[in-house]
Amino acid sequence: ALYKGLLEETGMQGRGLLPATFYVLRNTQITQALVEIGFLTNRNDAALLATEAFRRKAAYGVYKGILYYFGKQ
């Protein structure tokens, strides 16, 4: 759901979903998600991330994904 919302709003091409056992994900007792919007080592991603407009789109995409998750949209 988060993935769908993020891709819809940003227009970025997704790299897929991967299960992970990162410390930050497994050592908590609350619901969590690790979202990577882009990579600073990628020139195109870095240029997008440098703009406020794109960051707002990405934030709205995460919000929209949360709504999808809870069946609110």
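Let us look at the structure shown here.

Concerning the pattern of salt bridges
And step 1. One pass over the structure, following the stated rule, counts three salt bridges.
And step 2. Here Lys-64 makes a salt bridge to Glu-9, at a shortest N to O gap of 2.8 Å. Pair noted here: Lys-64 is in helix α4 (residues 52-69) and Glu-9 is in helix α1 (residues 2-10), with a separation of 55 residues, a long-range link.
And step 3. Residue class for Lys-64 comes out buried when judged on its relative accessible area of 11%.
And step 4. Judged by its relative accessible area of 23%, Glu-9 is partly exposed.
And step 5. Here Arg-56 ties to Glu-52 by a salt bridge, and the two come within 2.8 Å at their closest N and O atoms. Of this pair, Arg-56 and Glu-52 both sit in helix α4, four residues apart, roughly one helical turn.
And step 6. Within this structure, Glu-8, Glu-9 and Lys-64 form a network of salt bridges that share partners.

What to know about the side chain of Thr-10
And step 1. Looking at where Thr-10 falls in the secondary structure, it is placed in helix α1.
And step 2. Polar contacts involving the side chain of Thr-10 include one to the main-chain amide nitrogen of Met-12, which spans 3.2 Å.
And step 3. Other than its neighbours up to four places away in sequence, Thr-10 contacts Phe-54, Lys-57 and Ala-58.

With respect to the packing of α1 against α4
And step 1. Look at α1 against α4: their axes get within 7 Å of each other, and the N-to-C directions meet at 145 degrees. By crossing handedness, the relation of α1 to α4 is classed as right-handed. Residue-level inspection shows Leu-2, Lys-4, Gly-5, Leu-6, Glu-8, Glu-9 and Thr-10 of α1 in contact with α4, the latter providing Phe-54, Lys-57, Ala-58, Tyr-60, Gly-61, Val-62, Lys-64, Gly-65, Ile-66 and Tyr-68.
And step 2. Here the contact of α1 with α4 is composed, by residue class, of eight nonpolar, four polar and five charged.

Rules of the game
Residues numbered from 1 in each chain as written. Predicted model: local features only at pLDDT ≥ 70, side-chain atom pairs only at ≥ 80, totals over all residues. Heavy atoms only, no water. Salt bridge = Lys/Arg side-chain N within 4 Å of Asp/Glu carboxyl O. Helix = DSSP H or I, 4+ residues; strand = E, 2+ residues; numbered from the N terminus. Buried < 20%, exposed > 50% of the residue type's maximum accessible area, 1.4 Å probe, protein only. Polar contact = N/O pair within 3.5 Å; in protein donor to acceptor, adjacent residues only side chain to side chain. Contact = heavy atoms within 4.5 Å. Axes fitted to C-alpha atoms, helices over the stretch in contact; angles between N-to-C directions. Left-handed = near helix turned anticlockwise from the far one by under 90°. Nonpolar A, V, L, I, M, F, W, Y, C, P; charged D, E, K, R; others polar.

Spatial relationships are all this shows, so hold off on functional conclusions.
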